[in-house]
Amino acid sequence: VNFESAVADKTDKPILKCGPNLHCDAKALEAIKWAGFDMVTLANNHFYDYGEAGLEKSFEAIRCNWLDSVGAGRNLEEASKVFYKKIKGKVFAFINCCEHEFSIATEEHGGCNPLDSIQQYYQITDARSKADYVIVIVHGGHEYFQLPSLRMQDTYRFFVDAGADAVVNHHQHCYSGYEFYKGKPIVYGLGNLCFD
């Protein structure tokens, strides 16, 4: 499930950005675990809303709840790591990235794995040699717009051409359709599961 927030409290300072700075209590991760999820995707436009302090508190809450995570890290190298998980005898590779909205990791600070078609190409082709299935999860698109842009369609089809078995997108807060491209599912917008 996408965890689109930072764990932070009143002592933590929000970063300067457009739009709201989202934060929650560490108990939100307990609720995610209780609901039956075992992994959170972190590459989104709100995970770094409280900078390094929020990043560290979020990672601690994730660890304390025995959740796996993908898409963010303390630097770009860590944020861009592919997560591998064995499920029912098959190895799944999860790649999580997001568009560039205030949360991108660099060599000097933490944050999220940036959407970069070239880097995702290398991640997908490498993962293809190590996993039975490669799943790419992207956070991007135009909020409240129920159709994918031509850029999204071209990019996500390219990911399938590179070897992805499925591409799933979220961010728009509305359902934005899906297609099967070369027999592989591409979901352009999931809508919200729970967004208070």
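Higher on the page you've got the structure.
Keep in mind that this is a model prediction, so the values were computed, not measured.

A.B. asks: Hey, could you run me through the pairing of strand E11 (residues 178–181) in this one?
C.D. replies: If a strand is regular, its side chains alternate between the two faces of the sheet. Along E11, the buried face is formed by Glu179 and Tyr181; none of Tyr178 and Phe180, which line the opposite face, is buried. Note that E11 and strand E12 (residues 184–187) share four bridges and pair antiparallel. Each bridged residue has a counterpart across the sheet, and for Tyr181 the counterpart in E12 is Lys184. Counted between consecutive antiparallel strands, the loop separating E11 from E12 contains two residues, among which Lys182 sits at a positive phi close to 50°.

A.B. asks: Quick question: what am I supposed to make of the layout of surface pockets here?
C.D. replies: Within this model, the largest pocket holds a volume of roughly 920 Å³. Around the largest pocket, the lining is made up of 33 residues, and of these Val1, Asn2, Phe3, Glu4 and Cys194 lie nearest the centre. Looking at the lining of the largest pocket, the elements that each hand over two or more residues are strand E2 (23–24), helix H1 (27–34), strand E3 (39–41), strand E6 (83–87), strand E9 (133–139) and strand E10 (166–170). The element that contributes the greatest number of residues to the lining of the largest pocket is H1, accounting for three residues. Looking at the lining of the largest pocket residue by residue, the classes come out as 18 nonpolar, eleven polar and four charged. Space inside the second largest pocket adds up to approximately 190 Å³. Together, Phe59, Ser69, Val70, Gly71, Ala72, Arg74, Glu78, Lys81, Val82 and Phe83 line the second largest pocket. Looking at the lining of the second largest pocket residue by residue, the classes come out as five nonpolar, two polar and three charged.

A.B. asks: I would appreciate a short explanation of the side chain of Asp49 in the present structure.
C.D. replies: Examined against the element boundaries, Asp49 turns out to sit in the loop between E3 and helix H2 (51–64). A distance of 2.7 Å separates a polar atom in the side chain of Asp49 from the backbone nitrogen of Leu22. Ignoring any residue separated from it by four or fewer positions in sequence, one finds Asp49 in contact with Pro14, Ile15, Lys17, Pro20, Asn21 and Leu22.

A.B. asks: For this particular structure, what's the right way to read a nonpolar patch on the surface?
C.D. replies: On the surface, a cluster of nonpolar side chains totalling about 410 Å² of accessible area is made up of Ile118, Tyr121, Tyr122 and Phe158. With respect to the helices, strands and loops of the structure, Phe158 is situated in helix H5 (residues 150–162).

A.B. asks: Teacher, can you tell me more about the nonpolar core here?
C.D. replies: Side chains that are nonpolar tend, in soluble globular proteins, to be buried together. Ile124, Val136, Val138, Tyr156, Phe159 and Val167 are the most contacted members of the largest nonpolar core, which has 20 residues in total. At the level of elements, strand E7 (90–98), helix H4 (117–128), E9 and H5 are the ones that each hand at least two residues to this core. Here the element with the most residues in this core is H5; it accounts for five residues. Those residues within four positions of Tyr156 in sequence are excluded, and the remaining contacts are Val138, Val167, Asn169, Ile186 and Tyr188. In this structure, Leu29, Leu42, Leu67 and Ile104 belong to the second largest nonpolar core, which totals 19 residues.

The rules behind these values
Residues numbered from 1 in each chain as written. Predicted model: local features only at pLDDT ≥ 70, side-chain atom pairs only at ≥ 80, totals over all residues. Heavy atoms only, no water. Buried < 20%, exposed > 50% of the residue type's maximum accessible area, 1.4 Å probe, protein only. Helix = DSSP H or I, 4+ residues; strand = E, 2+ residues; numbered from the N terminus. Pairing = 2+ DSSP bridges. 1 Å grid on protein atoms, 1.4 Å probe; cavity = no way out; pocket = protein on both sides within 12 Å on 5 of 7 lines; lining within 4 Å. Points joined across faces, edges and corners; volume = space filled by probe spheres on them. Nonpolar A, V, L, I, M, F, W, Y, C, P; charged D, E, K, R; others polar. Polar contact = N/O pair within 3.5 Å; in protein donor to acceptor, adjacent residues only side chain to side chain. Contact = heavy atoms within 4.5 Å. Patch = residues over 30% accessible without salt bridge, like charges linked within 9 Å, V, L, I, M, F, W, Y side chains within 5 Å. Areas by Shrake-Rupley, 256 points an atom, 1.4 Å probe, with all protein chains shown as cover. Salt bridge = Lys/Arg side-chain N within 4 Å of Asp/Glu carboxyl O. Core = buried A, V, L, I, M, F, W, Y, C linked by side-chain atoms within 4.5 Å.

Function cannot be read off these values alone, since they describe shape.
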